[in-house]
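Notes for the structure review
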Amino acid sequence: MHYFNKHYFKSMVTATLIAAIAGCAFNPATNRPDLVLMSEDKEIKIGREMHEKLVESTPIYKDPVLTAYVNHVGQKVAAASDRPDLEYHFTIIDSQDINAFALPGGYIYINRGLLTYLHSEAEMAAVLAHEIGHVTARHAVRQKTAATGAGVASVLSVLVTGSGVVGDVANLWSTAAVKGYGRDMELEADRFGAQYMYNAGYDPQAMINVIGLLKDQEIFARRRARIEGKKPQTYHGVFSTHPRNDIRLQEVVEAAGKLPEDHKITKIEYYREKTDGLVYGQNVQQSDKNRYNHKRLGFSLLFPEDWKVENQRSAIVGTAPDSKATITIKVDQRKNNQPADMALREVYKVRDLEQGEELNQYRLEGHTGRLPSAGEADPDRVAVIYYGSRQYILEGRINDASATDAESLNQYDNLFLSSIRSFRPLRKTDIVQPDIKRVRYVKANDKTTFASLARHMEIGEYAEEQLRLLNGYYPRGEPKPGEWIKIVQ
C-alpha cells in the first residue's frame, strides 16, 4: 500500500516550477522571468501570421506620408523601450472607430478615427507608447497563459507541454489585444509607455490628455444613446479601463519623470501639418470601391477587393484577380411564401445543407449554406435572398485546385460570406457617391463659434458636438481669435 507524502509532492512541484521558470525568457520590461513556454521567435512568428490575416480582411489607410509619420514616431518610442531590438511594425487601420491595439511580436495598429481627434505628436506618441508597453510586457502571451488556468497543474502543463499556448491563436489573442487586457495589465502598459515617452523626449503628461478626449467621446456617446433610445457604444480598447481623474495613472505618469520645458517634444504644428486632409467619418471610396450596383433590379453587392465584375446574359459574375474563385448572382421569381431554406434546397435538389444559417440583412430575408459532398461542378457556398417578388441566388465557387487544406477553404468561404452579407437594396448614395469628407485646419476669428461652423458642415445632426470633440471643447467653450481649429469639408 502506498502512502501519499504531501510534503514530498509539494517540494517536487516547487522544484519543478523553479526549474521551469529558470528556463523561461527573462522579460526586461517586467524585470522578471516570463512564466510562459514561448520563445521570442515563436511570438514574432505568431504576430506575423496574425498580421497577415488582419491586413487581408481589414482596410488599411493608404496615405504614404501619414503612414511614414506614424512609423517614424512609433520607431522613436520603440527604440527607447525595454525591447529596442525587436522589429516593430506600425499600421493605420482605415476605420472611423476610435481605437488602437497591439498584436504579439511588435505589431502596432492605430485607427484613422483616433488620429482625427488627437492634437499633437506627443499625444500620438502616448497612444503608440501604451501599445508598445503591451508588446514589451508580452501581455498577449501572458494573458493566454492566464486563460489556460492559474493552478499549479495548469501552469506546469503550459510550461512543460505548451498545451493551449499555440492553439486558437487568432480567436483568443486577437480578442484580448483588441478589447484590452484588464486593469492591471493596462496600468502596466501605461507605466511602461510613460517611461518610454520620457526616454524618447515626449512629455508623459500627453497620456493624461488622451484620456480626457476619450472620456469626452464616452460622455457624448452615452448622451446620444439616451436621446435615441439605444444602448451606448462607449468602449475604446486603448486606455479603456481608466476613469478621467485616475490617480493611479497620474502616479505612473509622474514617476516617469518631468522633462525640462525646453526639452519636451510636443509638436502641435507639425502634427497639424501631417494630418491636414485626413479622411473624416466613413471612407466611402475605400470601403465601397468594389461595390456593384444594379440600377434596373435595384440591388447592391460588395465584391472582394480587385475582383473583376462582368454582367453576363444570365448572371452577374465576379472573378478573383488570379481566377481562382468566382461569385455569381442569378435572379428568379420568388415562389409564394416558401421559406428561404426550402427554396435553396429545392434549387440545388438536396435534402440538407451544411453550415446552414438564416440571413436577415437590410430588412431582407434569406438563407445560406454549403452543399453536402459538392462535386467539381458544384458551387462551394450558396445562398438565396428574397427581395420583393424576386429571389437572388448567390454562388461562391473555388477554382483553385491547390486549396484543399481547411485554412484555405475557410479563407475562401469567408470571402463568399462577406459578399453575400453585403447584398442590400440600392441606395441613392450608391448611384451618386458623396464626396469624401476631410479634416482641415483654419484659424478662428472673433466671430467664430462651433454652432455657426456646424451650420455649414454636412456631418450629421450632431455636427456642433462633433466639432467640439474634434477640437477638445466638449461640451462647452469657444475658440479664441487666431487659434487653429479643425473643421470638416
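Structure report, in brief.

Rules behind the numbers
- Residues numbered from 1 in each chain as written.
- Predicted model: local features only at pLDDT ≥ 70, side-chain atom pairs only at ≥ 80, totals over all residues.
- Heavy atoms only, no water.
- Pairing = 2+ DSSP bridges.
- Helix = DSSP H or I, 4+ residues; strand = E, 2+ residues; numbered from the N terminus.
- Axes fitted to C-alpha atoms, helices over the stretch in contact; angles between N-to-C directions.
- Contact = heavy atoms within 4.5 Å.
- Buried < 20%, exposed > 50% of the residue type's maximum accessible area, 1.4 Å probe, protein only.
- Polar contact = N/O pair within 3.5 Å; in protein donor to acceptor, adjacent residues only side chain to side chain.
- Salt bridge = Lys/Arg side-chain N within 4 Å of Asp/Glu carboxyl O.
- 1 Å grid on protein atoms, 1.4 Å probe; cavity = no way out; pocket = protein on both sides within 12 Å on 5 of 7 lines; lining within 4 Å.
- Points joined across faces, edges and corners; volume = space filled by probe spheres on them.
- Nonpolar A, V, L, I, M, F, W, Y, C, P; charged D, E, K, R; others polar.
- Core = buried A, V, L, I, M, F, W, Y, C linked by side-chain atoms within 4.5 Å.
- Parallel < 35°, antiparallel > 145°, perpendicular 65-115°, else oblique.
- Left-handed = near helix turned anticlockwise from the far one by under 90°.

Notes on the sheet that holds strand β5 (residues 107-111)
On the basis of which strands lie adjacent, the open sheet formed by three strands has the order β3-β5-β4 and mixed pairing. Sheet topology places β3 (89-93) and β4 (100-103) at the edges, where each strand pairs with a single neighbour. Going from strand to strand, the sheet's axes swing by 20 degrees on average, the running direction of each strand aside. Summarising the sheet, β4 and β5 pair through four bridges and their orientation is antiparallel. Counted as the bridge partner of Ala 102 is Ile 108 from β5. Against the sheet, helix α3 (residues 64-79) contacts β3 and β5, and its axis sits at roughly 140 degrees relative to β3. Strands in contact with helix α5 (residues 121-136) are β3, β4 and β5; relative to β4, the strand with the most contacts, it is inclined by about 25 degrees.

Thoughts on the pairing of strand β6 (residues 291-294)
Both faces of the sheet carry side chains from a regular strand, because those side chains alternate between them. Looking at chain direction, β6 and strand β7 (residues 299-302) are connected through four bridges and run antiparallel. Following the sheet pairing, Tyr 292 is matched in β7 by Leu 301.

Remarks on the sheet that holds strand β15 (residues 424-425)
Strands pair in a sheet through their backbones, by hydrogen bonds, and they do so in one of two ways: parallel or antiparallel. Read across the open sheet, the three strands follow the order β6-β7-β15; overall the sheet is antiparallel. Because the sheet does not close on itself, it has two edges, and the strands there are β6 and β15. Pairing between β7 and β15: two bridges, direction antiparallel. The partner of Phe 299 across the bridge, within β15, is Pro 425. Across the face of the sheet, helix α15 (residues 406-422) comes into contact with β6, β7 and β15 while running at roughly 155 degrees to β7.

Considering the side chain of Thr 448
Relative to the elements of secondary structure, Thr 448 occurs in the loop between β16 (439-443) and α17 (450-454). A relative accessible area of 13% means that Thr 448 is categorised as buried. Among the polar contacts listed, one links the side chain of Thr 448 to the backbone nitrogen of Asn 445, at a separation of 2.9 Å.

What to know about the pattern of salt bridges
Oppositely charged side chains may form a pair once their charged atoms are brought near each other. Considering all chains together, one arrives at 23 salt bridges under this definition. Taking the shortest distance from any N to any O, the salt bridge between Arg 83 and Glu 43 comes out at 3.2 Å. Of this pair, Arg 83 sits in the loop between α3 and β3 while Glu 43 sits in helix α2 (residues 40-57), and the two are 40 residues apart along the sequence. The pair formed by Arg 83 and Glu 43 is uniform in burial state, with each residue classed as buried. Lys 335 is paired through a salt bridge with Glu 346; the nearest N and O atoms lie 2.7 Å apart. Of the two residues, Lys 335 is situated in the loop between β10 (325-333) and α14 (340-348) and Glu 346 in helix α14; the sequence distance between them amounts to eleven residues. Salt bridges sharing partners connect three or more residues here, namely Glu 40, Glu 43, Arg 83 and Arg 138.

Description of empty space enclosed by the protein
What the rule picks out here adds up to two cavities of 30 Å³ or more. What lines the largest cavity is a set of ten residues, and nearest its centre among them are Leu 103, Pro 104, His 134, Val 135 and Ala 140. Mapped by element, the contributors of at least two residues to the lining of the largest cavity are β4, α5 and α6 (139-148). Residues of the lining of the largest cavity, tallied by class, amount to seven nonpolar, one polar and two charged.

Let's talk about the nonpolar core
Judged by nonpolar contacts, the single largest core of 74 residues is most densely connected at Ile 110, Leu 115, Leu 118, Met 124 and Tyr 202. Looking at which element gives the most residues to this core, the answer is α5, with nine residues. Residue contacts for Ile 110: discarding those within four places in its chain leaves Val 70, Thr 91, Ile 92, Ile 93, Asn 99, Ala 100, Leu 115, Val 127 and Leu 128. Counting 23 residues, the second largest nonpolar core, distinct from the first, contains Tyr 292, Ala 383, Tyr 392 and Leu 394.

Some points on the packing of helix α9 (residues 183-200) against helix α11 (residues 247-256)
Running from N to C, α9 and α11 point in directions that differ by 25 degrees, and their axes come no closer than 8 Å. Looking at the two axes, α9 sits roughly parallel to α11. Two packed elements cross with a definite hand, and for α9 against α11 that hand is right-handed. Where α9 approaches α11, its residues Arg 183, Asp 184, Leu 187, Asp 190, Arg 191, Ala 194, Gln 195 and Tyr 198 are matched on the opposing element by Arg 248, Leu 249, Val 252, Val 253, Ala 255 and Ala 256.

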